[in-house]
Structure formats: C-alpha cells, structure tokens
Amino acid sequence: MAKGVWIVAEQRDGALRKVSFELASTARKLADQLGEEVGAVLCGAGIEALAAELGKYGVDKVFVADSPALEPYTTDAHATAVAKAVKENDPSILLVGASAQGKDLSAALVGKLATGMATDCTDVKIADGKLLAVRPMYAGKCFGEVVVTGTPQMASLRPNVFTIVESAKAAAIVKFDAGLGEPKTKVLEVQKEAAGKIDVAEANVIVSGGRGVKGPEGFGILEELAAVLGAAVGASRAAVDAGWRAQIDQVGQTGKVVSPNLYIACGISGAIQHLAGMSSSKYIVAVNKDAEAPIFARADYGVVDDLFKVVPAFTGEVKKLLA
Ligand SMILES: Cc1cc2nc3c(=O)[nH]c(=O)nc-3n(C[C@H](O)[C@H](O)[C@H](O)COP(=O)(O)OP(=O)(O)OC[C@H]3O[C@@H](n4cnc5c(N)ncnc54)[C@H](O)[C@@H]3O)c2cc1C
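**Q** Is there a simple way to think about the pattern of salt bridges in this case?
**A** It is possible for side chains of opposite charge to pair when their charged atoms get near one another. In this structure the tally under the stated criterion is 16 salt bridges. The residue Lys175 makes a salt bridge to Glu48 at a minimum N-O spacing of 3.3 Å. A residue pair is termed long-range when its members are at least 10 positions apart, and Lys175 in strand β12 (residues 172-175) and Glu48 in helix α2 (residues 48-55) qualify at 127 residues. Note on Lys175: relative accessible area 58%, which makes it exposed. When its relative accessible area of 34% is taken as the criterion, Glu48 is described as partly exposed. The closest approach of N and O atoms between Asp199 and Lys256, which form a salt bridge, is 3.0 Å. Of the two residues, Asp199 is situated in the loop between β12 and β13 (205-209) and Lys256 in the loop between α6 (237-241) and β15 (262-266); the sequence distance between them amounts to 57 residues.

**Q** Honestly, helix α3 (residues 75-89) in this entry has me stumped. Any pointers?
**A** Because an α-helix completes one turn every 3.6 residues, residues spaced three or four positions apart along the sequence face the same direction. Here α3 is 15 residues long and its end C-alpha atoms lie 21 Å apart, about the 21 Å a rise of 1.5 Å per residue gives. Three or more residues of α3 are buried, namely Asp76, Ala77, His78, Ala79, Ala81, Val82, Ala83, Ala85 and Val86. Looking at the packing, one finds that the buried side of α3 touches β1 (5-9), β4 (38-44), β5 (61-66), β6 (93-97) and α4 (100-113). After α3 finishes, the residue Asp90 shows a positive phi value of roughly 55°.

**Q** Whenever I open this one, the domain arrangement of the protein confuses me. Can you help?
**A** With domains assigned, the protein is organised as domain 1 (5-175) and domain 2 (205-322). Using C-alpha coordinates to define each centre, domain 1 is positioned 31 Å away from domain 2. Residue-level contacts link eight residues of domain 1 with seven residues of domain 2. Carbon and sulfur atoms supply 53% of the area that domain 1 and domain 2 bury against each other, a total of about 640 Å² over both sides. When the area that domain 1 buries against domain 2 is broken down by residue, the three leading residues are Ala139, Arg158 and Asn160, summing to 61%. Summed over the shared surface of domain 1 and domain 2, the number is zero salt bridges. For the pair domain 1 and domain 2, the interface holds one residue pair in polar contact (both at pLDDT 80 or more).

**Q** Would you mind showing me how to read empty space enclosed by the protein here?
**A** To find leftover empty space, one rolls a probe the size of a water molecule over the atoms. The tally for this structure, following the rule as stated, stands at one cavity of 30 Å³ or more. Volume-wise, the largest cavity comes out at about 90 Å³. Along the walls of the largest cavity sit 13 residues, with Val8, Ala9, Glu10, His78 and Gln101 positioned nearest its centre. Those elements that provide at least two residues to the lining of the largest cavity are β1, β4, α3 and α4. When the residues that make up the lining of the largest cavity are grouped by side-chain class, the tally is eight nonpolar, four polar and one charged.

**Q** Looking at this model, I keep getting lost on the layout of surface pockets. Mind explaining?
**A** In this structure, the largest pocket spans a volume of roughly 1200 Å³. The wall of the largest pocket is formed by 44 residues, among which Arg12, Arg17, Ala100, Gln101 and Asp199 lie closest to the centre. Of all the secondary-structure elements, those providing two or more residues to the lining of the largest pocket are β2 (11-12), α1 (18-34), α3 and α4. Class assignment of the residues belonging to the lining of the largest pocket gives a composition of 16 nonpolar, 10 polar and 18 charged. Of the domains in this structure, domain 1 (5-175) and domain 2 (205-322) are the two that each give at least three residues to the lining of the largest pocket. The calculated volume of the second largest pocket comes to roughly 480 Å³. What lines the second largest pocket is a set of 28 residues, among which Arg211, Ser236, Gly267, Ile268 and Ser269 lie closest to the centre. Mapped onto the lining of the second largest pocket, the elements with two or more residues apiece are α6, α7 (272-278), β16 (283-288) and α9 (307-322).

Reading the values: rules and limits
- Residues numbered from 1 in each chain as written.
- Predicted model: local features only at pLDDT ≥ 70, side-chain atom pairs only at ≥ 80, totals over all residues.
- Heavy atoms only, no water.
- Salt bridge = Lys/Arg side-chain N within 4 Å of Asp/Glu carboxyl O.
- Helix = DSSP H or I, 4+ residues; strand = E, 2+ residues; numbered from the N terminus.
- Buried < 20%, exposed > 50% of the residue type's maximum accessible area, 1.4 Å probe, protein only.
- Expected span 1.5 Å × (residues − 1).
- Contact = heavy atoms within 4.5 Å.
- Domains from an automatic or database assignment.
- Buried area = accessible area lost by both parts, 1.4 Å probe.
- Polar contact = N/O pair within 3.5 Å; in protein donor to acceptor, adjacent residues only side chain to side chain.
- 1 Å grid on protein atoms, 1.4 Å probe; cavity = no way out; pocket = protein on both sides within 12 Å on 5 of 7 lines; lining within 4 Å.
- Points joined across faces, edges and corners; volume = space filled by probe spheres on them.
- Nonpolar A, V, L, I, M, F, W, Y, C, P; charged D, E, K, R; others polar.

So, in structure tokens, the structure goes:
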C-alpha cells in the first residue's frame, strides 16, 4: 500500500529554493497526521550537500539523483528521475512547488505516473486519510476542494503561501541512479536575470505599477520605493503590453502568480485578471486616484490620490524610519 508524503525539492545554482522549505514543512504536517514519513527527491549535479538541509524542515529521507545530466534543468531528465524514485518507493502523496520549474515538471510527472494533480493549491489537509487540496478557481473568485483519486495524490503548492516550520530532524540520504538514457533535450543557453534583481514570484514585498504610472520613466519612483523596502517591482499587463516593463515582471492570469507579505499596487485598476495573480498577498495596499477603482475592494489599505505625490512621500517616510 502506498505510504509516505513526498516532495520534489527544488534547487538552482547549488542552493535550495525557498519553495522547497515550504513544501517540506507542509509535508511534515500532513505526514504527522497520517503517522507516515516525509520523503524528498532532490535532483541536480553536485547537490548532495544540500540534502541534509532538508532535514531541518522535517524531511526524514532524501532521495538524491546526482548526475551532470540533471544540470541544467530539463523537463525530460528531471521527470524521468523523479518518476523512477516515486515508482520504486510508492509514496501516497507527492507535493511539488507551483513555481515556473515545478509547473513544468509536475505536468510531465502526472503523465509519467498516470495520476492526477490539483494545481496551484493555497491549502492542503488530510480528510478521511486522503489529501484534500484547496485551490482558487475562476481567477480567485471561489475556492474548490479537490481529492485526487490516483496514486500518488499529487498537488502543486503556490509559493509564499505555506508557512516554513523548522524541526530538528537529521534526514537520511539515499542515493539513487536516475536511470537516464540518451537525453532528448539539450539546453543551449540560459538567460539569467541581472544579478541582484528580485524575482516577483519569490519576493516578500512587491511594488507594482500599472497604466497609471504613465510610462517607463514613471517606474523610477516605484524602483526607488522598492530599493528602500528590498522589494521586487511588478507590473500589470497594461504596463507590459505598452513596453514599459518586461513580461517576466507581469503579475496576473497571464503573468506570474505572487503571494508576497505586502503588495503595493500603484495606478492599477484591479481587473479580475490582475487580481488572479496577487489576491493571495497577505497585505494589499492600493494607490489610485479613482476612489471607485475595483482594486480598493481587495485592498487592506487604500490611498485615493495621485501616485506621483504619494509614492515619493511614502519612500521619504520609510527612509526616515529606517534611518
Ligand atoms: C485573457 C486576458 C488575460 C489577462 N491577463 C492579465 C494579467 O496577467 N495581468 C494583468 O494585469 N492584466 C491582465 N489582463 C488585462 C486586464 O484585463 C486589464 O486590462 C489590465 O490589468 C489593466 O491594467 P491597469 O490596471 O494597469 O490599467 P487600467 O485598467 O487602465 O488602470 C489604470 C489605473 O490607474 C489609475 N491612475 C491613473 N493615473 C493615476 C495617478 N496619477 N495616480 C494614481 N492612479 C492613477 C486609474 O484610476 C486606473 O484605475 C488580461 C486580460 C485578458 C483578456
């Protein structure tokens, strides 16, 4: 009988991603309710040293596939490796991050494991011994509860939503042969973000701008506020379509789904497609000169005024506080 709550740990450039700790902590909670162990699959090249770190977040056993063929990431190689470990060990639940890499990997895994998956979940619990996954539907207008009937029950978890809990476990490390044949895909080039730039999908604080910012130069005051707060700068699709910001910074249904602690929306009306990407933020602050803008219905704090007045004044106050 399938047993164990597993995660796919994500690493990049020799460091575990934050989502891996969120997955591990959540898996620990579920496994404790089931009285089962937490397993993690970790793939890459020269990554064995990272495995022990997962123990600090509740993982009992880390299955490590360490091979040059697993770096850089390809769907083909990683899905083959993870599927092999899962088939050999038969966990009942498999959690993956709903990050860019996790979304790509999990779609291939579902096929290889012939199971089902609840995607982009914002909560998971155990009900009648099974995983019950909660996921936003219709661009966040309602939440659906999903029980996957296949094995393992798979769910991808939205980054930044699940709490990280440390627990002093010493994870056992099990090396396995990923069984990789001739690679079907080859990475020719990796285009990296400028060093130091914070990815909106991982940021704790986001200062985001829309059409109300009026142009690329208008984003300067948002960049200044972001620098003071250690935040990432996001954008609505209107700002991206106008060519003011890169698509990689777009938040929303056709952009990235973000869940920071603080989302400051400047000159963004709050269209449903934008809300779909940011409404699970912990605190939402909206700056808009139109008091009727729909963003105010979702905002925890709202300022009805010209952003070109409000944002520099706010930056000045934050600087004073930090001094
Ligand atoms: C299939 C589909 C997918 C989509 N995906 C996305 C998506 O992923 N992300 C996304 O964002 N949108 C998406 N959209 C577009 C979405 O419907 C909206 O058109 C878009 O979000 C509007 O962007 P905005 O709020 O910046 O612009 P607007 O709706 O034009 O709002 C601009 C706001 O700025 C305010 N403003 C103007 N000047 C100032 C000022 N000086 N100070 C303060 N406030 C000011 C105005 O009052 C207004 O509320 C999608 C649409 C479709 C059909």
